[in-house]
Amino acid sequence: MTAPAPPQRRWFDAFAWAALALLILTTAAHLATKPPAMPAYEDVRADWKPSEAWLYDRDGRLLDSERVDFERRRMAWVPLADIAPAVRSAVVASEDKRYWSHGGVDWLAIASAARTRLNWGETGGRSRGASTLPMQLAGFLAPDLALPGQRGWLAKIRQMRAAQALASDWSREQMLEAYFNLVPLRGETQGIGAGARALFGKKPADMDRTDAALFAGLLPNPAAGAETLGIRACRVAQGSGGAKDCGPIRAAAATLVSGERIAELDPALAPHLAVRLLDKPGKRVTTTIDRRIQEAAIVALRRQLSGLGADRVRDGAVVVLDNETGDVLAYVGGVGLKSTAAQVDGANARRQAGSTLKPHLYAQVIEHKWLTAASILDDSPVQLDTASGLYVPKNYDHSFKGPVSVRHALASSLNVPAVRALVIDDVQQFRDRLWALGYHGLVEDGEYYGFSLALGSAEVSLVEQANAFRALANAGRWTPVRFSASDKGEAARQVVNPAAAFIVGDILADASARTDAFGADSALRLPFWAAAKTGTSKGMRDNWCIGYSDRFTVAVWVGNLEGDSMRAVSGTSGAAPVWRDVMLALHAGSPGKPPAMPADVEAKQIALPGTREPPRREYFIRGTGQAEMAAAPAAARRPRITSPVSGSVYALDPDIPLDRQRLGVAVSGEVTGYRLILDKTMLGDADAGQQILPRPGSHILTLVDPGGRTVDRIRFTVR
């Protein structure tokens, strides 16, 4: 039988087992409370990504910001020195009054919290009373340290150990700075940068004592209501000796909780350009925009749209270019007001060009020497057979002026002469010219657009318009626009002959030539040299005014971005007043100067008999000038049927005898010996004033020359 162990041995074994158990428990507790490794301050700064990106003007002034990351709302990292001292003091006093002296854990606060719990229970004191700023910061850096429901002593010890690790590696200033930037606030807002802006409409450096009290009052519960926040903020203010009357603080708390802002730091001067250029969080883009010019353009557009009224037109856009560099000095995609599509970028949206393409057409035919500024075009009804059917262009006022010069036709924006000019030119050639000028929305060939291209049936953007007219201002040389100094430029391409560009510019600056259409003192007339062209698209959906001086090109569009028609708005009452205001602002104290005449341009005195235009001094490409221009006599014109008009439909009146409802036939040109044939039946000589006895049905009327060759054919219907 084994003898029992002596008492000393039993005590030793018990002690050993107790020590082993204690070691195991200590090790387990150590492992159970081991926090995740805390990052270095430098790594936190380097990994910081704001949710915003920023747009600046050419001088570094903020234009706009754009939120790019929608997971949370935070601004750029705010250095501690850029946070108002009142805010720093209020937060430290309310959250961790011994912050500057403890080593990450405030043992006195923990003892006080424990005593409160023993004496008063869970509801007797603030639950966060012992949580120091380093402990809270550790929770921000390692979210698993502060997960909902983790309020036990093991979780608290983990957070304390993490705070001690931070305090040993980071300076007090670094921890406080990181706390201010990482602290969650109301909703999705994080950090004092976003909080100061969203809640107070201020920069962190500009927050006052009331703001500081409200900010500190939010920290225990960012979602607190106005009453709770007001009480907490008042306590903070009173604790720092900053307030005796809590009325103003409670009123400010109510304003903050309601979401009303006192101010807005973001100037919001170029929201559409910000969307276009800002695509990464934290991105900062310095543009070519001049904030002064941007603001002037916004004011001019807003004033005009307000004056016209939302029942007439709701949207508009402005682009201003520097002629020499191509820098975009102003880019206004819209101004809001009562727009129903305020997010759409009106400066980049493609819309029907209207008459604004005519200068490029006339420049091309003048360049080819097929026409001159003094050439006579016939402004009378015309019908053109196209692949899609009959095309019958009409002027804006539905009237015709008869023989007019190219200068008068372009300055007064007459449609029929422009279509005749395109017939002389070529639709495909004109389409290619427009492409070379940067109108890259014209992706189809000329046949697709047809003769209506002369009247702007194609869709273009305001930026394209501005840069194409800038080419005319630069003697026909084209380069792309620049939105920032880093944009790579291209070598200038000579797209338009300099002489043709000069002549077209002179026409667009001629107030006298456009008097018939726009009056003697329209918005296009400036107290200095400037060339301008207006345009209105089909159905009154778009209204344009694009023009240039010696230094700037200004393009304006007004319309309704949803596509509905404007009401009682024309070229000179819609876009032109904005163009005028911006031009005057650009040239305040420094009027525009006319361009120098190129060497291959000559000026001659001409007479235009047969027109309503008086004799004048005219510019020609050297070698094309004449002393007199006159409309071609009728005998020199191509014989054609002018009535009935092809495609016409006539209805017989049953109350009128049939033999009294004859249709007269009219032809133009020298038609001696020509004959008319109706439905393969000889009608008679073309110059005999033939009349048609109508019969129901579809009919074909043919004009043949003395040799029997068909020179014109029209179709009409009788019902």
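Residues numbered from 1 in each chain as written. Predicted model: local features only at pLDDT ≥ 70, side-chain atom pairs only at ≥ 80, totals over all residues. Heavy atoms only, no water.

Remarks on the overall build of the protein
Summing up its helical and strand segments, the protein has 22 helices and 27 strands in all. Expressed as a percentage of contacts within the protein between residues at least 6 apart in sequence, the contacts between residues at least 24 apart total 68%. With the model as given, the accessible surface of the protein reaches about 33600 Å², and the carbon-plus-sulfur share is 53%. (Helix = DSSP H or I, 4+ residues; strand = E, 2+ residues; numbered from the N terminus. Contact = heavy atoms within 4.5 Å. Areas by Shrake-Rupley, 256 points an atom, 1.4 Å probe, with all protein chains shown as cover.)

Quick notes on the state of the cysteines
Taken as a whole, this structure holds one disulfide when the rule is applied. For Cys234, the disulfide goes to Cys246, at an S-S distance of 1.4 Å. Taken together, the residues span a long stretch of sequence, with Cys234 in helix 10 (residues 226-239) and Cys246 in the loop between helix 10 and helix 11 (247-258) at a distance of 12 residues. Residue Cys234 shares its accessibility class with Cys246, and that shared class is buried. (Disulfide = S-S within 2.5 Å. Buried < 20%, exposed > 50% of the residue type's maximum accessible area, 1.4 Å probe, protein only.)

Focus: helix 16 (residues 415-424)
A large share of helix 16 lies buried, amounting to eight of its 10 residues. Of all the residues in helix 16, the buried ones are Asn415, Val416, Pro417, Ala418, Val419, Arg420, Ala421 and Leu422.

Some words on unusual backbone geometry
Residue Pro644 follows Ser643 across a cis peptide bond; omega there is 0 degrees. One can find Pro644 in the loop between strand 19 (640-643) and strand 20 (649-650). With phi around 50 degrees, Leu337 is a residue other than glycine that occupies positive phi space. The residue Leu337 is located in the loop between strand 5 (328-332) and strand 6 (351-352) in this model. The residue Lys369 is not glycine, and still its phi comes out positive at about 65 degrees.

Topic: the nonpolar core
In terms of nonpolar packing, the biggest core is built from 117 residues, with Val318, Leu453 and Trp579 touching the most fellow members. When residues in this core are grouped by element, the largest group, eight residues, is from helix 20 (residues 498-508). Among residues more than four places away in sequence, those in contact with Leu453 are Leu357, Leu422, Val427, Phe430, Arg431, Leu434, Leu442 and Ala458. The next biggest cluster of nonpolar side chains, apart from the first, holds 50 residues, and it includes Val44, Ile192, Met207 and Leu229. (Core = buried A, V, L, I, M, F, W, Y, C linked by side-chain atoms within 4.5 Å.)

Overview of the pattern of salt bridges
Per the stated rule, a full pass over the model turns up 29 salt bridges. Two residues, Asp211 and Lys202, come together in a salt bridge whose shortest N-O distance is 2.7 Å. Take Lys202: its relative accessible area is 21%, and that puts it in the partly exposed class. Between Arg709 and Asp705 there is a salt bridge, with the nearest N and O atoms lying 3.3 Å from each other. (Salt bridge = Lys/Arg side-chain N within 4 Å of Asp/Glu carboxyl O.)

A closer look at the side chain of Ser375
Along the chain, Ser375 turns up in the loop between helix 14 (358-367) and strand 7 (376-379). Using a relative accessible area of 10% as the deciding quantity, one classes Ser375 as buried. Separated by 2.8 Å, the side chain of Ser375 and the backbone nitrogen of Thr372 make a polar contact. In this structure, Ser375 is in contact with Val404, Ser405, Val406 and Met629, ignoring residues within four places of it in sequence. (Polar contact = N/O pair within 3.5 Å; in protein donor to acceptor, adjacent residues only side chain to side chain.)

Concerning the confidence of the model for the protein
Taken residue by residue, the protein gives an average pLDDT of 87. The fraction at 70 or more is 88%. Under a pLDDT of 50 for its full length, residues 121-128 has, in the predicted model, 14 contacts with residues more than four places off or in other chains. (pLDDT = per-residue confidence, 0-100.)

Some thoughts on the pairing of strand 2 (residues 62-67)
Bridge analysis of strand 1 (residues 52-56) against strand 2 gives five bridges, and the strand direction is antiparallel. Looking at strand 2, one finds that Leu55 is bridged to Asp64. Count of turn residues in the strand 1/strand 2 antiparallel hairpin: five residues, of which Gly60 carries a positive phi of about 85 degrees. (Pairing = 2+ DSSP bridges.)

Side note on helix 3 (residues 85-95)
Within the span of helix 3, buried status applies to Val87, Ala90, Val91, Val92 and Glu95. Tucked inside the fold, the buried residues of helix 3 contact helix 5 (133-141), helix 7 (172-182), helix 8 (191-200), helix 9 (209-218) and helix 10.

Looking at the sheet that holds strand 4 (residues 315-322)
Spatial ordering of the open sheet is given by 5-4-16-15-14, a layout of five strands whose pairing is antiparallel. Looking at which strands have only one partner, the edges of the open sheet turn out to be strand 5 and strand 14 (531-536). On average, each strand axis in the sheet is inclined to that of its neighbour by 10 degrees, with strand direction left out of account. Pairing of strand 4 with strand 16 (residues 552-559), which is carried by eight bridges, proceeds in the antiparallel orientation. (Axes fitted to C-alpha atoms, helices over the stretch in contact; angles between N-to-C directions.)

Brief notes about the environment of Val257
Relative to the elements of secondary structure, Val257 occurs in helix 11. The spatial distance from the C-alpha of Val257 to the C-alpha of Arg186 is 9.1 Å, given a sequence separation of 71 residues.

Examining the sheet that holds strand 3 (residues 284-286)
Strand order in this open sheet of three strands is 2-1-3, and the pairing throughout is mixed. Among the strands making up the open sheet, the edge pair consists of strand 2 and strand 3. Averaged over neighbouring strand pairs, the angle between their axes works out to 15 degrees when direction is ignored. The sheet contact formed by strand 1 and strand 3 spans three bridges and is parallel. Residue pairing across strands places Tyr56 opposite Thr286, the latter belonging to strand 3.

A word on the environment of Pro267
By the secondary structure assignment, Pro267 is in the loop between helix 11 and helix 12 (271-277). Note: C-alpha distance between Pro267 and Leu62 (205 residues apart in sequence) is 7.3 Å. Those residues within four positions of Pro267 in sequence are excluded, and the remaining contacts are Leu62, Leu63, Asp64 and Arg291.

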